[in-house]
Structure formats: C-alpha cells, structure tokens
Amino acid sequence: MVVNFCKSILYLSDQTHKKKSQKSKQNIPPTLEDNIAASLQTSIPPINDDNPFKSSRLREKQHQPGEFVVIKTELKEEWPAIWRVDGKTLLQKYEPFEQNGVTLYRNISSYTSWTPESKKQYMSVPVKYRSQGQLETIVEFLKNEMTIIDHEYQEQCMKQFESYQDNFKFTYKLLFHASPGQKKTTTSLSNVQTIDEITDSKKQKLFALLRWPPVVQGAVCTWPCFNIREVGASDAQSKNCVACGRIGVAVRVLMYGQPHNSTTLEGCQPDPNAINEKDFLMCRICATRVELLSKVTHQKYLMYIECAKRVSEKRTTDPTKDTTCILNELLADESWLNQLFVDVRTSWAEIDSIEHSYNSKNSVRSQ
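About the thresholds
- Residues numbered from 1 in each chain as written.
- Predicted model: local features only at pLDDT ≥ 70, side-chain atom pairs only at ≥ 80, totals over all residues.
- Heavy atoms only, no water.
- Helix = DSSP H or I, 4+ residues; strand = E, 2+ residues; numbered from the N terminus.
- Buried < 20%, exposed > 50% of the residue type's maximum accessible area, 1.4 Å probe, protein only.
- Areas by Shrake-Rupley, 256 points an atom, 1.4 Å probe, with all protein chains shown as cover.
- Core = buried A, V, L, I, M, F, W, Y, C linked by side-chain atoms within 4.5 Å.
- Lys, Arg positive; Asp, Glu negative; His and termini not counted.
- Salt bridge = Lys/Arg side-chain N within 4 Å of Asp/Glu carboxyl O.
- Phe/Tyr/Trp six-rings, centres within 6.5 Å; stacked < 30°, edge-to-face > 60°.
- Lys NZ or Arg CZ within 6 Å of the ring centre and 35° of its normal.
- Pairing = 2+ DSSP bridges.
- Axes fitted to C-alpha atoms, helices over the stretch in contact; angles between N-to-C directions.
- Contact = heavy atoms within 4.5 Å.
- pLDDT = per-residue confidence, 0-100.

**Some details on the overall build of the protein chain**
Next up, step 1: Across its full length, the protein chain carries 12 helices and 10 strands.
Next up, step 2: Among the 367 residues that make up the protein chain, the fraction classed as buried is 48%.
Next up, step 3: Surface accessibility of the protein chain: about 18600 Å² in total, with carbon and sulfur atoms responsible for 47%.

**Describing the nonpolar core**
Next up, step 1: Core analysis: the biggest nonpolar cluster contains 61 residues, and Phe168, Trp212, Val253, Met255, Met282 and Trp348 have the highest contact counts within it.
Next up, step 2: Ranked by residues supplied to this core, first place goes to helix α12 (residues 334-366) with nine residues.
Next up, step 3: Ranked by size, the runner-up nonpolar core spans 11 residues in total, among them Tyr94, Tyr105, Val127 and Val139.

**Description of the side chain of Arg289**
Next up, step 1: Position of Arg289 among the secondary structure elements: in helix α9 (residues 284-297).
Next up, step 2: Of the buried charged residues, Arg289 lacks a salt bridge, with Glu350 as the closest side chain of opposite charge at 4.1 Å.

**Some remarks on the packing of aromatic side chains**
Next up, step 1: This model, assessed by the stated rule, comprises seven aromatic pairs.
Next up, step 2: Centre to centre, the rings of Phe68 and Tyr129 are 6.2 Å apart; their planes meet at 70 degrees, and the pair counts as edge-to-face. Here the residue Phe68 occupies a position in strand β1 (residues 68-71), and Tyr129 occupies one in strand β6 (residues 127-132), the gap between them amounting to 61 residues.
Next up, step 3: Classification of Tyr129 as partly exposed rests on a relative accessible area of 26%.
Next up, step 4: A network of ring pairs unites the aromatic residues Phe161, Phe168, Phe341 and Trp348 as a single cluster.
Next up, step 5: The ring of Phe97 has Arg106 sitting right over it, with the charged end atom 4.0 Å from the ring centre.
Next up, step 6: Lying over the aromatic face of Trp223, Lys278 brings its terminal NZ or CZ to 4.4 Å of the ring centre.

**A closer look at the environment of Val69**
Next up, step 1: Positionally, Val69 belongs in strand β1.
Next up, step 2: With a relative accessible area of 0%, Val69 lands in the buried category.
Next up, step 3: Sequence separation between Val69 and Lys119 is 50 residues; the distance between their C-alpha atoms is 9.4 Å.

**Here we look at the sheet that holds strand β8 (residues 225-230)**
Next up, step 1: Within the open sheet, the three strands sit side by side as β8-β9-β10. Their pairing is antiparallel. This sheet does not close on itself; its edge strands, each paired only once, are β8 and β10 (279-282). Neighbour-to-neighbour, the strand axes of this sheet turn through a mean angle of 25 degrees, independent of strand direction.
Next up, step 2: Both strand β9 (residues 251-256) and β10 contribute to a ladder of four bridges, which runs antiparallel. Note on β10: the bridge partner recorded for Leu254 is Asp279.
Next up, step 3: Each of β9 and β10 touches helix α7 (residues 214-222); the most contacted strand, β10, lies at about 120 degrees to it.

**Brief notes about the side chain of Thr222**
Next up, step 1: Secondary-structure assignment places Thr222 in helix α7.
Next up, step 2: Leaving out residues up to four positions away in the same chain, Thr222 has contacts with Pro259, Pro270, Asp271, Ala274 and His298.

**Let's talk about the sheet that holds strand β2 (residues 82-86)**
Next up, step 1: An order of β5-β1-β2-β3-β4-β7-β6 is seen for the seven strands of this open sheet, with the pairing classed as antiparallel. Looking at the sheet topology across the chains shown, the edges are occupied by β5 (122-124) and β6. Neighbouring strand axes in the sheet, compared pairwise and without regard to direction, differ in orientation by 40 degrees on average.
Next up, step 2: As defined by bridge partners, β1 adjoins β2 across two bridges and the pair is classed as antiparallel. Paired with Val69 across the two strands is Trp83, which belongs to β2.

**Remarks on the confidence of the model for the protein chain**
Next up, step 1: Scored by pLDDT, the protein chain comes out at a mean of 80, with 77% of its residues at no less than 70.
Next up, step 2: Segment residues 9-26 is flagged for pLDDT under 50; beyond a separation of four residues in sequence, or across chains, it makes 25 contacts in the model.
Next up, step 3: In this model residues 40-60 is a low-confidence stretch, pLDDT under 50, and it forms 53 contacts with partners more than four residues away in sequence or in other chains.

**Observations regarding the pairing of strand β7 (residues 137-141)**
Next up, step 1: In terms of burial, β7 is a largely internal element, five of the five residues being buried.
Next up, step 2: On β7, burial covers both faces: Thr137, Val139 and Phe141 on one face and Ile138 and Glu140 on the other are all buried.
Next up, step 3: In the sheet, strand β4 (residues 102-113) pairs with β7 via two bridges, with the strands oriented antiparallel. Bridge pairing links Arg106 to Ile138 in β7.
Next up, step 4: Across five bridges, β6 lies against β7 in antiparallel orientation. Across the sheet, residue Lys128 finds its bridge partner in β7, namely Glu140.
Next up, step 5: The hairpin formed by β6 and β7 contains four residues between the paired strands.

Right, dumping it as structure tokens:
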C-alpha cells in the first residue's frame, strides 16, 4: 500500500499531459497518478463529488412522479400511510385497507406539500400495483422487502468503533507519508492490518446480505466512481431493477473511473467481465446500497483521492508552497482526520445495522 504522495501531486501540476501521452502509446495500465488526475479533471462529477465519505446525496435527489414515499418516523407503525409523488409540489395520500386477508393501499382525496424541506422527512418505499383505474389506484406496500434501520443500534455500533480511532489515524498518516521502499515497522503493519480487516469484513458482510448478481457486484468493485441519473417515467414502472429484480426503477447508475490495486492503489487492468458493465437501471434503495458498497470497497483509494484534491486546491491558491508542507499541515489537522473517521465508522455501522434489520425481520417471521 506504500505510495509516494508528494510525487503524485507534483505529477498533476508538472507532468500530467506528458505521462498520459506516453502511457497511451505504450498501452500500460494507469498509475495512481493517472487516477488522481482523472479524478480531478473528470467532467462527470460523481454523486459524492465533494467528499467520497459524506452522507448520501442520493437521498436528496428529486423523486420522480409516481414514486411512493413514507414518513420515516411512521415506519414503526404496522401499516403507516404512504404517499405518491404527484408532480413537483404535491404528495397524494394512500391509506391501508384489508382485502382477502391482505393489506393493500388505495388513494384518497388528501394531499400534502412536497418541498425541499419536507422531503427530508420521507424515504422511498417499494410497492406493487394491484389495479389502476381513472378514479382509484390500489397498490401493495412491500414493507417486508425494506431494510428499516434501527438508528439506536447504529449509534451503538458507531461508539464501539471509536476504539479504532488511533489505528485509523496511524494507517492513513502512513499511507500519505510513506515512500517506496521504506521499511515498515511491526506497529505500522498491525495498524494497517486492523483497519483493512475490519473494512474487508464489512464488505463481505454486505455482499452476503445483498445477494446481488455477480455482474453487479463485480462492476461496483471494479469501477471506483459512479454517477446517478434519474430515469424517465416510461422506464420507472416497466423495467426491473438489475440488482434486486423488483419491477420499478428510479435511477440509472453509471460507473466509471480507473480500476486500481486495493493494496498498492496503483492502476490495473479491469476485470474482463466488468469492462462493458457500467450502466445499470436500479430502484432507489439498491442505488443507495451501491454507494455504501463502493465506500467500503474503495475506502483507501477514495481517502487518497480526497487528500490529493485538498492538497491540489491549496497549491492552486498558493503555488509557491511546498507540497510536503501542505500535506503535513493537512495531516496535522486533527478535526479533519476525526471527521474522516466518523464518515468511515458510519459506513461500517450502517452495514452492521442492515444485518441487524435482516436478522430482526427473519426472527419475527420464524415466530
């Protein structure tokens, strides 16, 4: 995992075009420097374009007309009211009723405002259309297919992971300070191994929980960047999500970027099976899982890119300042490192919370 960070940053400002031209001619896999340059220069911003570890911005994107949502705090109820997005400013209410022993929902003449502020109170829910007429639409709320996060449990997980804060700081300071060939101590290797093992265990746990088709998992693990596009109304209710298989999609997930070695972070050739697998139609729930899986799979790489961007920005404002000096200042910023670890712990805890939700759901079903 040892890389020369300062060399990478200097490459961006002094040799980008020259080296990229040489590599194109020689057909050599892209290096870490190429990946950083691509990340800084790309014209397609990823959904998490400011900080790869920030909370999902996908949840803030505009829902398409026809999608269903629920008030988050009401999910504790057995059958809460659900709402259909009716245009850009209104939600139409659907109330539950029982038919032949099955709880279904139908629309009523009740509406509420749908504003940027109120959207924060809602989350998407999966439904299945049962009947649709001019005056009445009946749907089934697929509540059992949702993953309802227990936020108290997630906070407990967050606190448990606080004990790894020193391991985290040591690992990432080593990542940016180390030079090729530098001898690593037993202590440094132990810290790196601790963080790597936790992250890998969370990734494997999420794989097992999602049970997505291999082609989707392989694509997320191959391409470190992705972008989200809303789909048209014609696709929304007629296409199946490629990840979970349910009918009804909300977004198109476009994956891109330079594949990299997870240990050295150097560029590598993509998995042959993933070369042409970059464009997926998904439901909104699975798209949020793409973001989570990408964070833990490419955690070290995304952290490196984030630091590279920060250093590059500072060099732009002060071109005469030495890169090593900028890097030392950045890594001495305890509040910045602490926030990065909060974001990483959030990803770990969210995966554990998803597992907790699955186990709780299965326990209820078996009773």
